[in-house]
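# A look at the structure
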Amino acid sequence: MDIFVIGGGGREHAIVHALNQSKRVEKVYCAPSNAGINTEAEGVPLAVSDFEGILHFLATHPNIGLTVVAPDNPLADGLVNELEAKGFRAFGPRAEAAIIEASKKFAKQLMKDNHIPTAAYESFTDYGKALAYVESAPYPLVVKADGLAYGKGVVICNHFDEAARALDDIMRRDVFGNRNPCVVIEEFLCGREVSVLAFTDGKTVKTMPSSQDHKRAYDGDKGPNTGGMGAFCPSPYYTKEMDAYAKEAIFLPTVQAMAAMGRKFKGVLYFGLIMCADGLKVLEYNARFGDPETQAVLSLLKTDLLDIFEAVIDERLDEINIEWSNQTAVTVVYASGGYPGSYAKGKAVRIADTGDCFVYHAGTAVKDGNLVTNGGRVLAVTARGNNLSDARTKAYAAIEHVRIEDGFYRKDIGTI
Ligand code: AMP
Ligand code: GLY
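As a starting point, this report considers the structure included with it. Please read these numbers as outputs of a predicted model, since none were measured by experiment.

Burial runs high along strand 23 (residues 377-385): eight of the nine residues are buried. Where strand 18 (residues 328-335) lies against strand 23, eight bridges are found, and the strand directions are antiparallel. Opposite Ala329, over in strand 23, you have Arg384 as the bridge partner. Alignment of strand 20 (residues 358-361) against strand 23, held across four bridges, turns out to be antiparallel. By the bridge assignment, His361 is partnered in strand 23 with Leu379.

Now the structure itself:
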């Protein structure tokens, strides 16, 4: 079978790479792809928002038996609904289920209604009322834009002035351009974060090994928030007891609540959790694989990913056994200088021999026959080891063999 993967980042490279291990996969297409993905799939120059182009491509490529929609925007905008309406098989939640990520207000209401542990919150669409609330609320507090905001819609505020600025940005100036004045204002939670990604067919939930990403740009968790500068999997801090609790109090209730609302969630559901002094709580849901967590997590997958995708679509996830390596994976992202602010593209990328460490490409392109940068996060090196420190040592030894002109990477992935 041929497969079509929608997306073009490191996460999609990991998905394409895993699908290529399947005996049943003949050829993979990817749109818009990148230079690394192009070495193992055929790149298709279509934007993830070009639904018409994607449908036309599928109509002219009848050997494609499955389309995998990986990024948040096309999921929220209903690409899976459109594919299914035209009779194409697709992996990913429909828009009515992807809303669990696309609207924070929806997610918070779902958790409140179903007693799923999360930070206390209020939501507002009226600027005056929101401002009055932050005048008397305890600090720190967290202001969140309701819609998708490329990971930038969350502002942690220590003082009234910061909260007032965040409200002005989101509610009056629409700095995220999502034409949605709604905000969620919530209690600040303190603790170590852990991500648990799960396959679900709307009934059964099968979790992947836990992971932790590093969102801040610089060492020591300093600097601005990014899409993620590295990850490790599994998280040694996430205990069996926490997992047992989360399955019962968080994972299953979430999936059951969605199904009960007529919003059956089929795909990958990402639980962003925080370990607070009074227990594990949900920080966020994502309706998809995380980036860069996926590069670490999928490198430990032993079962055929196509078999899992098909079991999810056909709602027989309970019938398959998903196996994982018991090793640890560490992923270190190499980014363009200036990221997550403005950065130049077209800088030289040199990749020498990284041994058995895999290099997942994100923002790369080939120009005049040379590999160059084409995005903020350029690539990520993933190493596997017998434990976290072994995997870390291997990843950092391998990244020495990669050079990105004016690029940078964090030196403390997996230690913090
Ligand atoms: P979100 O998109 O809601 O996950 O927020 C992105 C990041 O902001 C999270 O991974 C946390 O690091 C931080 N964050 C979000 N909500 C809170 C909160 N209530 N308390 C502390 N940190 C938070
Ligand atoms: N690394 C976090 C995310 O993919 O949203």
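Around ligand 1 there are 13 residues in total, and Lys144, Glu186, Leu189, Glu193 and Glu284 lie nearest to it. One of the side-chain N or O atoms of Glu186 is found 2.7 Å from a nitrogen atom in ligand 1. Between Glu187 and ligand 1, the recorded distance is 2.9 Å, taken from a backbone N or O atom to a nitrogen atom. Within the complex, the protein chains bury 90% of what would otherwise be the 470 Å² of accessible surface of ligand 1. At the level of elements, strand 7 (141-145), strand 8 (154-157), strand 9 (183-187) and strand 17 (279-286) are the ones that each hand at least two residues to the shell around ligand 1. Its residues placed into classes, the shell around ligand 1 shows six nonpolar, no polar and seven charged.

Our next topic: the pattern of salt bridges. A complete count under the given rule lists 26 salt bridges for this structure. Here Glu315 makes a salt bridge to Lys266, at a shortest N to O gap of 3.0 Å. With Glu315 in the loop between helix 11 (305-313) and strand 18 and Lys266 in the loop between helix 9 (240-260) and strand 16 (267-276), this residue pair connects regions lying 49 residues apart in the sequence. The class for Lys266 is partly exposed, based on a relative accessible area of 21%. Here the salt bridges do not stand alone but share partners, grouping Arg24, Arg89, Asp307, Glu310, Asp314 and Arg316 into one network.

Residues in contact with ligand 2, as listed here, are Asp213, Gly227, Tyr270, Asn286, Arg288, Gly290, Asp291 and Glu293. One of the side-chain N or O atoms of Asn286 is found 3.2 Å from an oxygen atom in ligand 2. Within the contact set of ligand 2, a nitrogen atom lies 3.0 Å away from a side-chain nitrogen or oxygen of Glu293. Its free accessible area being 200 Å², ligand 2 has 88% of it covered by the protein chains. Looking at the shell around ligand 2 residue by residue, the classes come out as one nonpolar, three polar and four charged.

The subject of this paragraph is the sheet that holds strand 5 (residues 90-91). Spatial ordering of the open sheet is given by 3-2-1-4-5, a layout of five strands whose pairing is parallel. At either margin of the open sheet sits one strand with a lone partner, and together these are strand 3 (42-43) and strand 5. Sheet analysis places strand 2 (residues 27-32) next to strand 3, joined by two bridges and oriented parallel. Across the sheet, Cys30 pairs through a bridge with Gly43, a residue of strand 3. Together, strand 1 (2-7), strand 2 and strand 4 (64-69) form the strand contacts of helix 2 (residues 51-59), whose direction differs from that of strand 1 by roughly 170°.

Rules and cut-offs
Residues numbered from 1 in each chain as written. Chains lettered and ligands numbered in written order. Predicted model: local features only at pLDDT ≥ 70, side-chain atom pairs only at ≥ 80, totals over all residues. Heavy atoms only, no water. Buried < 20%, exposed > 50% of the residue type's maximum accessible area, 1.4 Å probe, protein only. Helix = DSSP H or I, 4+ residues; strand = E, 2+ residues; numbered from the N terminus. Pairing = 2+ DSSP bridges. Near = heavy atom within 4 Å. Polar contact = N/O pair within 3.5 Å; in protein donor to acceptor, adjacent residues only side chain to side chain. Areas by Shrake-Rupley, 256 points an atom, 1.4 Å probe, with all protein chains shown as cover. Nonpolar A, V, L, I, M, F, W, Y, C, P; charged D, E, K, R; others polar. Salt bridge = Lys/Arg side-chain N within 4 Å of Asp/Glu carboxyl O. Contact = heavy atoms within 4.5 Å. Axes fitted to C-alpha atoms, helices over the stretch in contact; angles between N-to-C directions.

By themselves, these observations are geometric and do not establish any function.
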